[in-house]
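Chain by chain, the residues:
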Amino acid sequence: MRIAVLGGDGFVGWPTALHLSNLGHDVHIVDNLSRRWIDTELGVQSLTPMDSIQERCRIWHQQTGRKIHFHLLNLATEYERLKQWLADTRPEAVIHFAEQRAAPYSMKTDRHKVYTVNNNTNATHNLLAALVETGIDAHLVHLGTMGVYGYSSVGAPIPEGYLDVQIDTPSGKRDQQILYPTRPGSVYHMTKSLDQILFQFYAQNDGLRITDLHQGIVWGTHTDQTRRHEQLINRFDYDGDYGTVLNRFLIQAAIGYPLTVHGTGGQTRAFIHIQDSVRCIELALQDAPAAGERVRIFNQMTETHRVRDLAELVAKLTGAEVAYLPNPRKEAEENDLIVRNDQFLALGLKPTTLADGLLSEVVDVARKYAHRIDRSRVPAVSAWTKDLAKRVQHDP
Ligand code: USQ
């Protein structure tokens with residue numbers, strides 16, 4: 001298939017592009033390199049040294065003989081160019097990762113909120129409008145988030161996107177399926193909730209074929225393809241804005257920094273290893289909905305864990321200390337989380353779990369590049385409200 005990977009220079013986008021190219025697909029990365037600009041804005045860098053996207057593609061070609069094409073384009077601001085590009089390239093599938101993906105970054109200041117909403121919502125809507133206008137019948141696979149559901153402890157498993165409800169009508173009770181009510185916990189998560197409505201509308205109105213993947217927190221860094229050459233290495237974020245919790249604990253352990261648990265660490269979240277993440281995209285591509293079908297929604301996660309249990313696990317593995325810190329986020333202190341993921345399991349996903357020994361691989365990567373870490377960028381200081389900002393201590 002000819003596949004467009006929008007946001008193909010990012011943390012999940014790059015290994016996905018490699019994975020799909022390795023399977024024999026004709027892969028076209030579209031990216032505005034915004035993630036690299038944000039590194040510059042924040043004054044942090046990936047733990048792993050990353051080459052330019054052009055160089056990455058050159059090394060992939062040299063290693064495998066396969067070509068990955070790169071197109072510099074901003075989906076959110078260059079609508080006409082996007083439309084032209086789609087009309088010229090005519091992808092059979094489009095994978096949409098091209099959104100600002102960090103919750104703390106989206107909550108930093110009002111400017112970051114505005115940027116995240118403008119970027120994410122316009123990128124998604126421009127893409128949908130351009131697909132309709134060009135008449136391209138591509139399967140659109142979007143990387144959404146488990147965070148659209150919120151984390152209230154209702155005690156019932158979270159279904160895959162839709163909830164069965166019974167409504168009282170004058171003529172009796174009627175069964176209906178609705179999108180699971182969203183309860184985003186950050187401006188970033190809110191944009192992914194808005195995306196869901198855009199998808200619902202365009203599937204219903206124009207028959208676009210859409211799959212929305214509600215992904216959990218990704219951990220790990222390497223996939224089978226990024227391991228193939230030093231210059232194919234994936235990015236690895238450790239800072240307080242972009243680093244995700246388990247990867248952060250693992251690098252903190254590697255540099256002797258006390259593990260930064262927010263609050264009581266009673267937050268339960270869904271997780272998935274990066275290798276499973278790229279495999280899920282492959283599986284979702286094989287199972288495209290038909291035109292006129294409602295948006296297909298998968299929960300892309302393999303296990304759930306409580307943050308403090310992860311910290312204890314990493315502490316046991318590495319001897320690291322655990323620090324319980326004031327939480328910069330407005331979120332439930334303790335929650336339970338049960339998630340259905342039957343659809344990916346039925347399609348053949350064999351989950352990589354924490355028990356599979358890959359935790360130490362991340363610690364090894366972190367130790368190798370420890371000299372690139374700026375310890376002052378480890379604490380998470382983006383606060384959800386002005387009151388919380390006052391309570392968050394800046395660790396020197
Ligand atoms: N946390 C800590 N200590 C840290 C960092 C985080 O205790 O040093 C806590 C947070 O307070 C939160 C939980 O760990 O309760 C998860 O935080 P995170 O930064 O790992 O994950 P999150 O902000 O939810 O976002 C990440 C990705 C996002 C993706 C989402 C999936 O950045 O792109 O959509 O995970 S999910 O969380 O399932 O919505």
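Check the entry above for the structure.
First, a word on what this report is: a plain description of the structure on this page. Predicted, not measured: the structure shown is a model, and the values here were computed from it. (Residues numbered from 1 in each chain as written. Predicted model: local features only at pLDDT ≥ 70, side-chain atom pairs only at ≥ 80, totals over all residues.)

### Topic: the overall build of the protein
If you tally the helices and strands in the protein, you get 13 helices and 14 strands. Its C-alpha atoms give the protein a radius of gyration of 21 Å, within 12% of the compact-globule value 21 Å for 396 residues. With the principal axes as the frame, the protein shows a C-alpha extent of 65 × 55 × 40 Å. Considering the protein as a whole, with its 396 residues, one finds that 48% of them fall into the buried category. In the protein, the share of contacts with a sequence separation of at least 24, taken over all contacts with a separation of at least 6, comes to 82%. (Helix = DSSP H or I, 4+ residues; strand = E, 2+ residues; numbered from the N terminus. Rg over C-alpha atoms; globule rule 2.2 N^0.38 Å. Buried ≥ 20, exposed ≤ 12 C-beta atoms within 10 Å, placed from the backbone. Contact = placed C-beta atoms within 7 Å.)

### Details of helix α12 (residues 359-368)
Residues lying three or four places apart along an α-helix face the same way, a consequence of the helix completing one turn every 3.6 residues. Among the residues of α12, Leu359, Val362, Val365 and Ala366 are the ones counted as buried. The buried residues of α12 occupy one face: seen down the axis, they fall within an arc of 125 degrees. Projecting away from the buried face of α12 at angles above 90 degrees are the exposed residues Ser360, Asp364 and Lys368. On its buried face, α12 sits against α8 (245-254) and α10 (307-318). (Arc of directions from axis to C-beta.)

### What to know about the sheet that holds strand β11 (residues 268-273)
Pairing within the open sheet is mixed, and its three strands lie in the order β9-β11-β13. In the strand order of this sheet, the two ends are held by β9 (217-219) and β13 (303-306), each with one partner. Across the sheet, the mean angle from the axis of one strand to that of its neighbour is 45 degrees, orientation sign disregarded. Relative to β13, β11 is paired through four bridges, and the arrangement is antiparallel. The residue bridging Arg269 from the neighbouring strand is His305, located in β13. On top of the sheet, helix α9 (residues 274-286) reaches β9 and β11; it is set at about 75 degrees to β11, its chief contact. (Pairing = 2+ DSSP bridges. Axes fitted to C-alpha atoms, helices over the stretch in contact; angles between N-to-C directions.)

### Observations regarding the sheet that holds strand β4 (residues 93-96)
One open sheet accounts for seven strands, arranged β3-β2-β1-β4-β5-β8-β12; its pairing is parallel. Bordering the open sheet on either side are β3 (68-72) and β12 (296-300), each of which pairs with just one other strand. Neighbour-to-neighbour, the strand axes of the sheet open up by a mean angle of 20 degrees, direction not taken into account. Where β4 and strand β5 (residues 139-145) come together, four bridges link them in parallel fashion. Bridging from a neighbouring strand, Val94 pairs with Leu140 of β5.

### Structural notes on the packing of helix α4 (residues 79-89) against helix α6 (residues 110-134)
Interhelical geometry of α4 versus α6 gives an angle of 45 degrees and a closest axis separation of 9 Å. Between α4 and α6, the angle is such that the two are oblique. When you trace α4 past α6, the crossing you get is right-handed. Counted together, Tyr79, Leu82, Lys83, Leu86 and Ala87 of α4 and Asn126, Ala130, Leu131, Glu133 and Thr134 of α6 form the full contact between these two elements. For the contact of α4 with α6, the per-class residue count stands at six nonpolar, two polar and two charged. (Parallel < 35°, antiparallel > 145°, perpendicular 65-115°, else oblique. Left-handed = near helix turned anticlockwise from the far one by under 90°. Nonpolar A, V, L, I, M, F, W, Y, C, P; charged D, E, K, R; others polar.)

### Structural notes on the nonpolar core
Soluble, globular proteins show a tendency: their nonpolar side chains are buried together. Core analysis: the largest hydrophobic core is formed by 91 residues, its most contacted members being Val5, Leu6, Ile95, Phe249 and Leu250. Per-element tally for this core: the top contributor is α8, with seven residues. Among residues more than four places away in sequence, those in contact with Val5 are Gly13, Thr16, Ala17, Val27, His28, Ile29, Ile95 and Phe97. Formed by eight residues, the second largest nonpolar core is a distinct cluster that contains Ala102, Met107, Tyr188 and Tyr242. (Core = buried A, V, L, I, M, F, W, Y, C linked by C-beta atoms within 7 Å.)

### Looking at the site of the ligand
Surveying the vicinity of the ligand reveals 24 residues, the closest of which are Thr145, Met146, Gly147, Val245 and His262. Secondary structure elements with two or more residues in the shell around the ligand: α8, β10 (259-262) and β11. Per-element accounting of the shell around the ligand gives the leading share, three residues, to β10. In terms of residue class, the shell around the ligand is built from nine nonpolar, 10 polar and five charged. (Near = placed C-beta within 6 Å.)

### Looking at α10
The end-to-end C-alpha distance of α10 is 17 Å, a good match for the 16 Å that 12 residues give at a rise of 1.5 Å each. Residues Val307, Arg308, Leu310, Ala311 and Val314 constitute the buried set of α10. All buried residues of α10 lie within an arc of 155 degrees about the axis, which places them on one face of the element. Those residues of α10 hidden inside the fold are in contact with α8, β10, β11, β13 and β14 (322-325). (Expected span 1.5 Å × (residues − 1).)

### Digging into the environment of Ala93
With respect to the helices, strands and loops of the structure, Ala93 is situated in strand β4. Excluding residues within four positions of it along the chain, Ala93 makes contact with Met1, Ile3, Ala138, His139, Val141 and Leu285.

### Concerning the packing of α8 against α12
Running from N to C, α8 and α12 point in directions that differ by 55 degrees, and their axes come no closer than 8 Å. By the angle between their directions, the pair α8 and α12 is classed as oblique. Taken as a pair, α8 and α12 cross one another with a handedness that is right-handed. Two secondary-structure elements touch here, α8 through Asn247, Leu250, Ile251, Ala253 and Ala254 and α12 through Leu359, Val362, Val363, Ala366 and Arg367. In the contact of α8 with α12, the residues fall into eight nonpolar, one polar and one charged.

In short, the description is geometric, and any link to function would need to be established separately.
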